[in-house]
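This is what each chain is made of:
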Amino acid sequence: MKLLLDFLPILLFFAAFKLQGIYVATAVLMAATVVQMAIVYATHKKLETMQKATLVLILLFGALTLVLQDERFIKWKPTVLYGAMALAMAVALWGFRKNFLHMLLGAQLTLPPRVWRHLSIAWIGYCAFMAALNAYVALYFSTEAWVDFKLWGYVFPVAFLVAQGLYIAPHLKTDEPAP
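Treat the numbers as computed from the prediction; the structure is a model and nothing was measured. (Residues numbered from 1 in each chain as written. Predicted model: local features only at pLDDT ≥ 70, side-chain atom pairs only at ≥ 80, totals over all residues. Heavy atoms only, no water.)

Draft legend 1. Just the packing of helix H2 (residues 22-44) against helix H3 (residues 49-68), in detail. H3 packs onto H2 with a crossing angle of 155° between their chain directions and a minimal axis gap of 10 Å. The pairing of H2 with H3 is recorded here as roughly antiparallel in orientation. Handedness of the crossing formed by H2 with H3: left-handed. Here Tyr 23, Thr 26, Ala 27, Leu 29, Met 30, Thr 33, Val 34, Met 37 and Val 40 of H2 come into contact with H3, specifically with Gln 51, Leu 55, Ile 58, Leu 59, Gly 62, Ala 63, Thr 65 and Leu 66. Residue composition of the contact of H2 with H3, by class: twelve nonpolar, five polar and no charged. (Axes fitted to C-alpha atoms, helices over the stretch in contact; angles between N-to-C directions. Helix = DSSP H or I, 4+ residues; strand = E, 2+ residues; numbered from the N terminus. Parallel < 35°, antiparallel > 145°, perpendicular 65-115°, else oblique. Left-handed = near helix turned anticlockwise from the far one by under 90°. Contact = heavy atoms within 4.5 Å. Nonpolar A, V, L, I, M, F, W, Y, C, P; charged D, E, K, R; others polar.)

Printed below as a string of structure tokens:
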């Protein structure tokens, strides 16, 4: 159910684009994201920082797209989001010697400091890559190709998360005694 909830706004955006074009799709994305976040809030009684940032950026860039009738705004939203994430994590890690991932997930995962650092660097690289990739597609491809990329481009986060899981699996500590 969570997976469907996570993908619902992009699926609705894709369908609306194919049926009605970018402006209707943008409005659908905005509405679907508001509904998605309302469901998450009702279920968990809070929104994570990333969820709040995503909601604000979708509403801001979506409104600019609709009011100005300029599709470039919605196309640049992922670049801004990923770029801001990469920059924030990099400044925190190398500027303030703070690891955001460890601060956010340390209560759920017990990993050695070296692994937390590697994960943080991987996330910085992933976010920078995704920001650059979206910018490239937004600049050099048609809007239809960009929308297709938004849907089929989910292979990148899935592959990244699988690789991340494979990397941390040997480092996870369990409470079960070894046989």
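Draft legend 2. Seen up close, the packing of aromatic side chains. Evaluated as defined, the whole model comprises nine aromatic pairs. Aromatic side chains Phe 129 and Phe 156 sit 5.7 Å apart centroid to centroid with 65° between the ring planes, which places their arrangement in the edge-to-face category. One end of the pair, Phe 129, is in helix H6 (residues 113-140); the other, Phe 156, is in helix H8 (residues 155-168), with 27 residues separating them in the sequence. Take Phe 156: its relative accessible area is 30%, and that puts it in the partly exposed class. (Phe/Tyr/Trp six-rings, centres within 6.5 Å; stacked < 30°, edge-to-face > 60°. Buried < 20%, exposed > 50% of the residue type's maximum accessible area, 1.4 Å probe, protein only.)

Draft legend 3. Highlighting the pattern of salt bridges. Across all of its chains, the model carries five salt bridges by this definition. Arg 72 is paired through a salt bridge with Asp 70; the nearest N and O atoms lie 2.6 Å apart. Take Arg 72: its relative accessible area is 53%, and that puts it in the exposed class. What emerges from the salt-bridge pattern is a single network uniting Lys 18, Glu 144 and Asp 148. (Salt bridge = Lys/Arg side-chain N within 4 Å of Asp/Glu carboxyl O.)

Draft legend 4. Geometry of the packing of helix H4 (residues 72-95) against H6. Contact geometry for H4 and H6: axes closest at 8 Å, N-to-C directions at 155°. Between H4 and H6, the interaxial angle falls into the category roughly antiparallel. Along this stretch, H4 crosses H6, giving a crossing that reads as left-handed.

Draft legend 5. Highlighting the environment of Asn 134. Within the secondary structure layout, Asn 134 lies in helix H6. Note on Asn 134: relative accessible area 1%, which makes it buried. Once the C-alpha coordinates of Asn 134 and Ala 84 are considered, the two residues, 50 residues apart in sequence, prove to be 14 Å apart. Not counting chain neighbours up to four residues away, the residues in contact with Asn 134 comprise Lys 75, Trp 76, Pro 78, Thr 79, Trp 146, Phe 149 and Lys 150. Here Trp 146 takes part through its side chain, which lies 2.9 Å from a polar atom of the side chain of Asn 134. (Polar contact = N/O pair within 3.5 Å; in protein donor to acceptor, adjacent residues only side chain to side chain.)

Draft legend 6. Structural detail: unusual backbone geometry. Positive phi, normally seen in glycine, also occurs at Lys 45, with a value near 65°. As for its placement among the helices and strands, Lys 45 is situated in the loop between H2 and H3. Positive phi outside glycine occurs at Arg 97, with the angle close to 55°. Looking at the element boundaries, Arg 97 is found in the loop between H4 and helix H5 (100-105). Taking relative accessible area as the criterion, Arg 97 reaches 64% and is therefore assigned exposed.

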